[in-house]
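# Descriptive analysis of the structure
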Amino acid sequence: MADCSYHPGKDAVGACVNCGKMVCLACRTELQDRVYCQPCANKLFVSKSDVQVSAAPATPVIQSVSGAWWLLPIFFTWLGGLIAWAVTKARDPKKARSMLIWGIVLTFIYGIVITILVVAMFALGFLAANE
Ligand SMILES: [Zn+2]
Ligand SMILES: [Zn+2]
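Since this is a predicted model, take the numbers as computed values, not measurements. (Residues numbered from 1 in each chain as written. Chains lettered and ligands numbered in written order. Predicted model: local features only at pLDDT ≥ 70, side-chain atom pairs only at ≥ 80, totals over all residues. Heavy atoms only, no water.)

## Concerning the overall build of the chain
To keep it simple, the criterion reads: The helix and strand labels rest on DSSP assignments: H or I over at least four residues marks a helix, E over at least two residues marks a strand, and numbering proceeds from the N terminus. Exposure is judged per residue with a 1.4 Å probe applied to protein chains only, and the accessible area is read against the type maximum: over 50% gives exposed, under 20% gives buried, and values in between give partly exposed. In what follows, residue pairs with any heavy atoms lying within 4.5 Å of each other are defined as contacts.
Scanning the chain from terminus to terminus reveals three helices and five strands. Reading the secondary structure of the chain in the N-to-C direction produces β-β-β-β-α-β-α-α. Within the chain, the proportion of its 131 residues that are buried is 23%. When contacts within the chain are restricted to residue pairs at least 6 apart in sequence, those whose partners lie at least 24 apart make up 27%.

Rendered as structure tokens:
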């Protein structure tokens, strides 16, 4: 696939019907169902107030992060939180960070619960031995 004439490295999605240069999604301008590059569109149509210039929609789309990632910290505590954070941080940094925090918090909670259980078992065993 050819590169955009204005953005090297970006795949072109079409060619300007006026000058023939390749255009990418970001700089493609559609006017009356024809594809133009941005400079040509400006040059040809900027003076005509009746023409609606509709640039292609901006590419950054916020991708939603699956809620299933929350299960990782629940099952694997801080390690799961770390994995969930690493995988989702590019898409949703806020959610990724809270999953990492969630994993660390769960590590402490599980640690406390296990400590209480172990202490309780020792205490019960001690009581039973003394009877
Ligand atoms: Zn052009
Ligand atoms: Zn471009």
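From this point, the narrative continues.
## Comments concerning the coordination of the zinc ion (ligand 2)
Here is the rule we go by: Here the term donor refers to an N, O or S atom within 2.8 Å of the metal (or 3.2 Å for Na, K and Ca), and because water is left out of the atoms, sites may appear incomplete. A four-donor site is called tetrahedral if each angle lies between 85 and 135 degrees; a four-donor site is square planar, and a six-donor site octahedral, when trans pairs exceed 155 degrees and the remaining angles lie between 65 and 115; all other cases are labelled irregular.
The protein atoms donating to the zinc ion (ligand 2) are Cys 4 (SG), His 7 (ND1), Cys 24 (SG) and Cys 27 (SG), with metal-donor distances spanning 1.9 to 2.4 Å. One can describe the donor arrangement at the zinc ion (ligand 2) as tetrahedral, given that its four donor atoms subtend angles of 99 to 117° at the metal. Counting gaps between the donor residues of the zinc ion (ligand 2) yields the pattern C-x2-H-x16-C-x2-C. Placement of Cys 4 in the segment before β1 (14–15) and of Cys 24 in the loop between β2 (22–23) and β3 (29–31) is noted, with a sequence separation of 20 residues between them.

## A short note on the coordination of the zinc ion (ligand 1)
Under perfect tetrahedral coordination by four donors, a metal shows angles of 109.5 degrees; under perfect octahedral coordination by six donors, it shows angles of 90 or 180 degrees. Distances from the zinc ion (ligand 1) to its protein donors, Cys 16 (SG), Cys 19 (SG), Cys 37 (SG) and Cys 40 (SG), fall within 2.2 to 2.3 Å. In this structure, the zinc ion (ligand 1) is surrounded by four donor atoms whose angles at the metal cover 99 to 116°, and the resulting shape is tetrahedral.

## What to know about the packing of helix α2 (residues 71–88) against helix α3 (residues 93–130)
Worth spelling out the cut-off: Simply put, an axis is a line fit to the C-alpha atoms, just over the touching stretch for a helix, and the angle between two N-to-C directions goes from 0 to 180 degrees. Roughly parallel here means an angle under 35 degrees, roughly antiparallel means over 145, roughly perpendicular means 65 to 115, and every remaining angle is called oblique. Note: crossing handedness is left-handed where the near helix turns anticlockwise from the far helix by less than a right angle, and right-handed where it turns clockwise. Note that Gly is not counted as nonpolar here; it falls among the polar residues with everything else outside the nonpolar set of Ala, Val, Leu, Ile, Met, Phe, Trp, Tyr, Cys and Pro and the charged set of Asp, Glu, Lys and Arg.
Here α2 crosses α3 at 160°, and the two axes come no closer than 7 Å. It follows that α2 is roughly antiparallel to α3 by the angle criterion. Considering the relative orientation of α2 and α3, their crossing is left-handed. Taken together, the residues of α3 that come into contact with α2 (itself represented by Pro 73, Ile 74, Thr 77, Trp 78, Gly 81, Leu 82, Ala 84, Trp 85 and Thr 88) are Pro 93, Ala 96, Arg 97, Met 99, Leu 100, Trp 102, Gly 103, Ile 104, Leu 106, Thr 107 and Tyr 110. Here the residues of the contact of α2 with α3 sort into 14 nonpolar, five polar and one charged.

## With respect to α2
Which entries qualify depends on this criterion: Expected span of a helix: the number of residues minus one, times 1.5 Å. At every residue, the bend is computed as the angle between two fitted axes, covering the seven residues ending there and the seven beginning there respectively.
With 18 residues, α2 should cover 26 Å at 1.5 Å per step; its first-to-last C-alpha distance of 13 Å lies more than 12% under that length. Where α2 bends most, the angle comes to about 150°, and this point is Thr 77. Inspection of α2 places Leu 72, Pro 73, Thr 77, Gly 80, Gly 81, Ala 84 and Thr 88 among the buried residues, and these make up the whole buried set. On its buried face, α2 is in contact with α3.

## A few points about the side chain of Thr 77
You can see Thr 77 is positioned in helix α2. In this structure Thr 77 comes out as buried when scored by relative accessible area, which is 15%. Not counting residues up to four positions away in its chain, the partners in contact with Thr 77 are Leu 72, Gly 103, Leu 106, Thr 107 and Tyr 110.

## Some thoughts on the nonpolar core
Among soluble globular proteins, nonpolar side chains are generally buried collectively. Under the convention used in this document: To form a nonpolar core, buried Ala, Val, Leu, Ile, Met, Phe, Trp, Tyr and Cys residues must be joined to one another through side-chain atoms within 4.5 Å.
The biggest cluster of nonpolar side chains holds twelve residues, and these are Cys 4, Cys 16, Val 23, Cys 24, Cys 27, Leu 31, Val 35, Tyr 36, Cys 37, Cys 40, Ala 41 and Phe 45. Mapped by element, the contributors of at least two residues to this core are β4 (34–36) and α1 (38–45).

## Thoughts on the confidence of the model for the chain
Counted only if it meets this: The pLDDT value tells you how sure the predictor is about a given residue, anywhere from 0 up to 100.
Per-chain confidence: the chain averages 86 in pLDDT, with 85% of residues scoring 70 or above. When pLDDT is averaged over each element of the chain, β2 comes out on top at 95 and strand β5 (residues 54–55) at the bottom at 59.

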